[in-house]
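Descriptive structure summary
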Amino acid sequence: MLQPLGVMHAGGLTRVVDPLNGSTMKRAALTMWRSLAGRRPGAHDRSRKPLLVDHEAVYGIHAVTSALKARRRAGHKLLVDADVFAARGRGSERKRRHLHDCAAAALDAAIPVAHVPTAQLDSVAKSRPHQGVVLFCDPLPIHSSPTASVFSEPPPIGCPETPRLWMLLERITDVHNLGAMLRCALFFGVERVLLADCASPTAAVARASAGAVEWLPLHQVDKVVDTITTAQRCGWDVVGTDMLESRTVDTVTKASPAQESRGRGVPLHQFSVSRPTILCFGSEGSGLRRQTLNACTMAIGIPRRSILSEQSGVLYDLDSLNVSVSCGVILSALCR
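Below: a short report on this structure. (Residues numbered from 1 in each chain as written. Predicted model: local features only at pLDDT ≥ 70, side-chain atom pairs only at ≥ 80, totals over all residues. Heavy atoms only, no water.)

Focus on helix α7 (residues 224-233)
For clarity, the cut-off: Note on classification: 1.4 Å probe, protein chains only; a residue is buried when its accessible area is under 20% of the maximum for its type, exposed when over 50%, partly exposed between these limits. Strands are runs of DSSP state E lasting at least two residues, helices are runs of H or I lasting at least four, and both sets are numbered from the N terminus onward. An arc is given here, and it is the one of the directions from the helix axis to the C-beta atoms.
Taken together, the buried positions of α7 are occupied by Val224, Thr227, Ile228 and Ala231. One face of α7 carries all of its buried residues, which in axial projection span an arc of 100°. Residue glycine 235 follows α7 closely and has a positive phi angle near 95°.

Below is the structure:
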């Protein structure tokens, strides 16, 4: 059975013993380990010290692991579910291995690790699905609006030899949508994400993105049209996303004023990325702001197929997709 990381002392140094292979990792002095309850790993944290309420509590295996490995924000303490190491069963063994990997990554970054009861993790994570691990850390750093010099920078080392691709998200306020879109962005090789009036990249977003938010440079954009204009002057295409004009002849309901004002997009399959491009997505309810869409170089949309109900004979014409689903569909098509 996998056990918590152990400690031994030798030559005035603390060595952390890995139970998987018996190897040891040097750690200077005992300062780091004195933050552990009971002065020994595996013990429940019964200390009277207050929790780190001034820091963000990131929860979930993927979110915490990504935060520890990306090292874009300072970590202060890792809480690990001690009750998992007392459980039995194959599922428990897999979970112990995940928690062991998180603890090893924290120790590698010189972050104290405390093994605490499940109830304490539930309290810290406010009953959200923490999967047995919570990391106290600084908030995720967010850059200011990109300037002309940022748009003119060469692509990061290791990027594929294809036109560069960024994303601009406007009024994406649902943390689950934002997290899913950031996960799609990382998966399909988006370099940077610009946020305009979006939800803050909190621990909930980190969990929803499966840790993707930890790896993506984020920019807070206050003046969207000015940012678009700056990008275009630097040779970038700025592509908005919009609904396509309906080609259905059997529509029986009148479109709303918001729908009538939209529909400028060209079909997705008619567009390909040939220059550095910023792909823009708006809120699920109303899309991009009109001034934002007007400032874009062009707009694209996802073609849809209508289904005729055999029972009622009514044409079922679904208006749109969830914004995070649309994001995945469009990025997949553009990155082929």
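Let's talk about the sheet that holds strand β14 (residues 298-301)
Stated formally: By definition, two strands form a pair when at least two bridges between them are found by DSSP. Residue contacts follow a heavy-atom distance rule, with two residues in contact if any of their heavy atoms lie within 4.5 Å. An axis is simply a line fitted to the C-alpha atoms; with a helix, the fit covers only the stretch in contact. Between two such axes, the angle follows the N-to-C directions and lies from 0 to 180 degrees.
The strand order across the open sheet formed by 7 strands is β10-β9-β8-β13-β11-β14-β12, and the pairing between neighbours is parallel. Pairing within the sheet leaves two strands with one partner each, and these edge strands are β10 (218-220) and β12 (266-267). Here strand β8 (residues 165-170) pairs with strand β9 (residues 193-196) via 4 bridges, running parallel. Paired with glutamate 170 across the bridge in β9 is alanine 196. Each of β8, β9, β10 and β13 (277-281) is contacted by helix α5 (residues 175-187), which is oriented at about 175° to β8, the strand it contacts most. Each of β8, β11 (237-241), β13 and β14 touches helix α10 (residues 323-334); the most contacted strand, β13, lies at about 155° to it.

Comments concerning the environment of alanine 106
Its place among the elements puts alanine 106 in helix α2 (residues 90-108). Not counting chain neighbours up to four residues away, the residues in contact with alanine 106 comprise Leu68, Leu78, Ile111 and Val113.

Thoughts on the packing of aromatic side chains
Going by this rule: Aromatic rings from Phe, Tyr and Trp, taking only the six-membered ring of Trp, are treated as a pair when their centres fall within 6.5 Å; an angle between ring planes under 30 degrees marks them as stacked, one over 60 as edge-to-face, and anything in between as tilted.
Scanning all chains against the criterion turns up 4 aromatic pairs. With a centroid separation of 5.2 Å and an interplanar angle of 25°, the aromatic rings of phenylalanine 151 and tryptophan 166 are classed as stacked. Placement of the pair is phenylalanine 151 in helix α4 (residues 148-151) and tryptophan 166 in strand β8, with a sequence separation of 15 residues. Judged by relative accessible area, phenylalanine 151 falls into the buried class, the value being 3%. The class of tryptophan 166 is buried, set by a relative accessible area of 0%.

Points about unusual backbone geometry
For alanine 110, which is not glycine, the phi torsion reads 60° and is therefore positive. Relative to the helices and strands, alanine 110 resides in the loop between α2 and β6 (113-116). Given the relative accessible area of 53%, alanine 110 is considered exposed. Its identity is not glycine, yet lysine 126 carries a phi of approximately 55°, on the positive side. For lysine 126, the position within the fold is in the loop between α3 (118-124) and β7 (133-137). Relative accessible area serves as the criterion here: at 63%, lysine 126 is assigned to the exposed category.

Overview of the pattern of salt bridges
Defined as follows: Any carboxyl oxygen of Asp or Glu that lies within 4 Å of a side-chain nitrogen of Lys or Arg is treated as forming a salt bridge with it.
Applying the stated criterion to the full structure yields 8 salt bridges. When the shortest N-O distance is used, the salt bridge between glutamate 56 and arginine 73 registers 3.0 Å. In this pair, glutamate 56 sits in strand β4 (residues 56-59) while arginine 73 sits in the loop between α1 (61-70) and β5 (75-81), placing the two residues 17 residues apart along the sequence. An identical accessibility class is assigned to glutamate 56 and arginine 73; each is buried. Note that arginine 73 and glutamate 214 form a salt bridge whose closest N and O atoms lie 2.4 Å from each other. Placement of arginine 73 in the loop between α1 and β5 and of glutamate 214 in the loop between α6 (203-208) and β10 is noted, with a sequence separation of 141 residues between them. A relative accessible area of 9% places arginine 73 in the buried class. Judged by its relative accessible area of 0%, glutamate 214 is buried.

Remarks on the environment of histidine 269
Tracing the backbone through its elements, the reader meets histidine 269 in the loop between β12 and β13. Here the alpha-carbon distance between histidine 269 and alanine 333, two residues 64 residues apart in the chain, equals 7.7 Å.

Observations regarding the pairing of β8
In plain terms, the rule: Note on handedness: a crossover is taken as right-handed if, strands pointing away from the viewer, the path from the first strand over the helix to the second is clockwise.
Counted residue by residue, β8 has 6 buried out of 6 residues, so it is predominantly covered. After leaving β8, the chain enters α5 and then returns to the sheet as β9, a path that is right-handed.

Observations concerning the sheet that holds β4
The strands making up a sheet associate through backbone hydrogen bonding, with each pair oriented either parallel or antiparallel. Strand order in this open sheet of 4 strands is β4-β7-β5-β6, and the pairing throughout is mixed. The open sheet terminates on both sides in strands that have one partner only, identified here as β4 and β6. Direction aside, the axes of adjacent strands within the sheet are offset by 25° on average. Here 5 bridges tie β5 to β7, and the two strands are oriented antiparallel to one another. Bridging from a neighbouring strand, leucine 78 pairs with leucine 135 of β7. Where α1 meets the sheet, its contacts fall on β4, β5 and β7, and the angle it forms with β7 comes to roughly 40°.

Purely geometric stuff here, so don't read any function into it on its own.
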